[in-house]
Amino acid sequence: MQVYLVGGAVRDQLLGRPIKDKDFVVVGATVADMLEAGFQQVGADFPVFLHPISHEEYALARTERKQGRGYQGFSVHASPDVTLREDLQRRDLTVNAMAIEVKSLMDDTPISGDVVDYYGGLNDIHSKTLRHVSSAFSEDPLRVLRTARFYGRYYDLGFSIADETLLLMRELVRSGELAHLSSERIWQESSRAMMQVSPQVYWQQLFEIGALTEYFAPLQQVWNDKQYDQIREIVQTALYFAGQMQLNLSQRWALLMASLNTDLFTLNSTETLSVNIEAAVKGIHGIGNSTKVPKAHSQFATLFVQQAKNLSRIDQLSAAEKIDLIQACSAHKAPDKLSQLLVTSHVLKLAIQHRQMMLALNSFHAISMDNIDQNLKGPAIGEALRQRRIEHLQTQPVL
């Protein structure tokens, strides 16, 4: 019997990231061996056990074969003759397919610390690449979401997805396999991705490969519309700020769902707007139902899109409007919710302002000495550059 630390714990150890959970693979053992050692079996479909003291997961080495649609359409074979190489080959990404041998079931001290790496995970750690282990990647549609989530998780380290892996992800989307994922798994992956430091990366990647259509159709529809390109970019920026500011999941979800109310992305006064709240709320609840979003998050997002304009101009509200806002947000019962809504509004407004200034910066750099009269001298040069940059900025699209 040989015991190995595998997967995320090895990956994060090599990356110098905190290790949250440890998973182990046991080679050369049977179910009876594990039960006799005091382990508790969990799940009837495949042999995974909880350590009697640490409660960490230990799984018998196994192989899988695709038999049906979706991520559940697999037959699992676990026996003492399954090798570590075979077990690691079924994993999604090379950075998740490495192992370190430990002393025993009851002692997880590494024997040497050497990394067992059959599929190039060490090289991909070094090159900061997310790459599939084998063609079996295409058998599990959940891996599309998992890869996008890992991309968001390690984006700040400079990781990217290998071109050949992106190709397989696109093929999985086109095949319609994502339709066979359960709503619960969709939300599980998406909510975990949402709480990363760079949550915007997950959604941008899924959008680029068309993976939002099945479960997030209203979002895909808005982001696909060329006239709303600025909205997608603003929401991506807002989610980035949300990650940096450590906003909670409800706040991040509200910022994403704000995409569905296109009227929110302007700094004009609320009186000049025809706010399309009803359609946005319908989209929020449609997505919530199709992906089993917990009710609390959908309710917060709904409240945000309904009140975002008022929240963004608190200093302009009359006394009556402030009292009405308190009532609408139930702030008299839950003042913390009002605080969270105000912070969410601030982040969205900040993202809008950020886009405006990035457009101004682009206009500044777009105009150089080549774009003005070459005969100008002295202060006239600076004034000519300034005027041309202003003119350039005035031609840029605004919402």
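Let me sum up the structure you'll find in this document. (Residues numbered from 1 in each chain as written. Predicted model: local features only at pLDDT ≥ 70, side-chain atom pairs only at ≥ 80, totals over all residues. Heavy atoms only, no water.)

**Observations concerning the overall build of the chain**
- In terms of helices and strands, the chain carries 16 helices and twelve strands.
- In terms of its C-alpha atoms, the chain occupies a principal-axis envelope of roughly 80 × 60 × 40 Å.
- Going through the 399 residues of the chain one by one, you find that 46% of them count as buried.
- Considering only contacts within the chain whose residues lie at least 6 apart along the sequence, 67% involve residues at least 24 apart.
- Of the accessible surface of the chain, which amounts to about 19,500 Å², a share of 50% is contributed by carbon and sulfur atoms.
- Charged side chains of the chain number 39 positive and 44 negative; the gap between the two group centres comes to 5 Å. (Helix = DSSP H or I, 4+ residues; strand = E, 2+ residues; numbered from the N terminus. Buried < 20%, exposed > 50% of the residue type's maximum accessible area, 1.4 Å probe, protein only. Contact = heavy atoms within 4.5 Å. Areas by Shrake-Rupley, 256 points an atom, 1.4 Å probe, with all protein chains shown as cover. Lys, Arg positive; Asp, Glu negative; His and termini not counted. Charge placed at Lys NZ, Arg CZ, Asp CG, Glu CD.)

**Some thoughts on the packing of helix 10 (residues 229–245) against helix 15 (residues 335–366)**
- Close contact between helix 10 and helix 15 brings their axes to 8 Å; oriented N to C, the two are set at 125°. In terms of their interaxial angle, helix 10 and helix 15 are classed as oblique. In this structure, helix 10 meets helix 15 at a crossing whose hand is right-handed. Only Val347, Leu348, Leu350, Ala351, Ile352, His354 and Arg355 of helix 15 make contact with helix 10, whose side of the interface consists of Gln230, Glu233, Ile234, Thr237, Ala238, Phe241, Ala242 and Met245.
- A class-by-class count of the residues in the contact of helix 10 with helix 15 yields ten nonpolar, three polar and two charged. (Axes fitted to C-alpha atoms, helices over the stretch in contact; angles between N-to-C directions. Parallel < 35°, antiparallel > 145°, perpendicular 65-115°, else oblique. Left-handed = near helix turned anticlockwise from the far one by under 90°. Nonpolar A, V, L, I, M, F, W, Y, C, P; charged D, E, K, R; others polar.)

**Some points on the nonpolar core**
- Judged by nonpolar contacts, the single largest core of 94 residues is most densely connected at Trp203, Trp253 and Leu256.
- Not counting chain neighbours up to four residues away, the residues in contact with Leu256 comprise Met194, Trp203, Leu219, Trp223, Val235 and Leu239.
- Among the nonpolar cores identified, the runner-up in size contains twelve residues, and Tyr4, Val25, Ala97 and Tyr119 belong to it. (Core = buried A, V, L, I, M, F, W, Y, C linked by side-chain atoms within 4.5 Å.)

**Side note on the pairing of strand 1 (residues 2–6)**
- In terms of residue burial, strand 1 counts as a mostly covered element, since four of its five residues are buried.
- In the sheet, strand 1 pairs with strand 2 (residues 23–27) via five bridges, with the strands oriented antiparallel. The residue bridging Val3 from the neighbouring strand is Val26, located in strand 2. (Pairing = 2+ DSSP bridges.)

**What to know about helix 12 (residues 277–291)**
- For helix 12, built from 15 residues, the straight-helix expectation of 21 Å at 1.5 Å per residue is met to within 8% by its first-to-last C-alpha distance of 21 Å.
- Turning to helix 12, its buried residues number three or more, namely Ala280, Val281, Gly283, Ile284, Ile287, Gly288 and Thr291. One side of helix 12 carries all its buried residues, which in axial view fall inside an arc of 160°. The outward face of helix 12, more than 90 degrees from its buried face, is lined by the exposed residues Glu278, Lys282 and Asn289.
- Lys292 occupies a position one or two residues after helix 12 and carries a positive phi of about 55°. (Expected span 1.5 Å × (residues − 1). Arc of directions from axis to C-beta.)

**Examining the side chain of Thr344**
- By the element assignment, Thr344 lies in helix 15.
- Judged by its relative accessible area of 0%, Thr344 falls in the buried class.
- Look past the residues within four positions of Thr344 in its chain and what remains in contact with it is Gln251, Ala254, Leu255, Phe300 and Phe304.

**So, a nonpolar patch on the surface**
- Residues Met357, Met358, Leu361 and Phe364 make up a contiguous nonpolar surface patch of roughly 380 Å² in combined accessible area.
- With respect to the helices and strands, the residue Met357 is situated in helix 15. (Patch = residues over 30% accessible without salt bridge, like charges linked within 9 Å, V, L, I, M, F, W, Y side chains within 5 Å. Salt bridge = Lys/Arg side-chain N within 4 Å of Asp/Glu carboxyl O.)

**A short note on the pattern of salt bridges**
- All chains considered together, the criterion is met by 16 salt bridges.
- Linking Asp108 and Lys22 is a salt bridge whose minimum nitrogen-to-oxygen distance equals 3.6 Å. Of the two residues, Asp108 sits in strand 9 (residues 107–110) while Lys22 sits in the loop between helix 1 (8–15) and strand 2, which places them 86 residues apart along the sequence.
- A residue is classified by how much of its surface remains accessible, and Asp108, at 30% relative accessible area, is partly exposed.
- Residue class for Lys22 comes out partly exposed when judged on its relative accessible area of 30%.
- In this structure, the salt-bridge partner of Arg232 is Asp229, at a minimum N-O distance of 3.8 Å.

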